[in-house]
Amino acid sequence: LKRAEALSLYSSARSHISRGDLAGGVYSLQKALDQPHLAALPLADVYFLLCTSMPYLGADPTPYLERALAVAPNHLGLQATQALIEGQSADASVRRRGDQRLRSAIEHSRRNSDREVFARNLAATYHNIGMGAAQNGQYPAAIHALAGALTIDANKKNSRHALCKATQYWAEDLEAEGHPEQALFLYRQLLAIDPSDAEARAHIRRLAPEPIEEAAARVPEPTAVYALLYQLTDGEGIFPADLSSEN
């Protein structure tokens, strides 16, 4: 019966996650791991689902990641998830380690037949990390992760919507802190992502030292903006020295 209960919890978790109920999924997965008959479970997948879902809720999956990699050290999805978590660290050396780990996982995935599944899961993990950071008001970290998702899948609408919101909130914070040029830079990226964004256009008209039509002529394509925002928020938070040349 205990074996059946563990499998039932795992099945329930997958159902919750597929419906977008990550909180219910995380709860069921944690309960499944509390059962005595773990051998009945596909442990690598249980840990992978748990570790990629927890960040959405603002929870740190590191303790589970350590246990997961002890069980499945060669699982590329788990390695990539650990890399993305390390990429959110305030410690530059940890971020560098995460970047190297991520590059290695991506390189290995290119040799596998399931590389498309790996890419899809990586985009979803980036998204979940970004959503958790945004909910905690950590807008640069949220932008970095959401832009990461969009560099993999530029058509990921939920990530694009969340990225625009996080970028808007960060721009508002920067302006309130006395950094109007940096805020203007971000508003222009928003307009590049969505030229119909009337709110971003209004902010640009208010802050820009030149007609918006001239600035719009220099606005890059959305895919270039995703890459730019990803690089900008890599943990250093350093804006280009000449913001006008990057608009």
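The structure reproduced in this document is the subject of the present report.

The rules behind each value
- Residues numbered from 1 in each chain as written.
- Predicted model: local features only at pLDDT ≥ 70, side-chain atom pairs only at ≥ 80, totals over all residues.
- Heavy atoms only, no water.
- Buried < 20%, exposed > 50% of the residue type's maximum accessible area, 1.4 Å probe, protein only.
- Helix = DSSP H or I, 4+ residues; strand = E, 2+ residues; numbered from the N terminus.
- Arc of directions from axis to C-beta.
- Contact = heavy atoms within 4.5 Å.
- Salt bridge = Lys/Arg side-chain N within 4 Å of Asp/Glu carboxyl O.

## Digging into helix α13 (residues 222-232)
Move 1: Among the residues of α13, V225, Y226, L228, L229 and L232 are the ones counted as buried. Down the axis, α13 shows its buried residues gathered within 165 degrees of arc, on one side only. Turned more than 90 degrees from where α13 packs its buried face, T223 and Q231 sit exposed.
Move 2: Elements that come into contact with the buried residues of α13 comprise α8 (139-152), α9 (157-176) and α10 (180-193).

## Some remarks on the pattern of salt bridges
Move 1: Applying the stated criterion across every chain, the model contains seven salt bridges.
Move 2: Put simply, R14 and D45 hold a salt bridge, and the shortest N to O gap is 2.7 Å. One end of the pair, R14, is in helix α1 (residues 2-18); the other, D45, is in helix α3 (residues 43-53), with 31 residues separating them in the sequence.
Move 3: With relative accessibility at 40%, the residue R14 sits in the partly exposed group.
Move 4: Residue classification places D45 among the partly exposed residues on the basis of a relative accessible area of 24%.
Move 5: Measuring nitrogen to oxygen at the nearest pair gives 3.5 Å for the salt bridge that ties E107 to R110.
Move 6: According to the relative accessible area criterion, R110 is exposed, its value standing at 55%.
Move 7: A cluster of three or more residues bridged by salt bridges with shared partners is formed by E86, R97 and R101.

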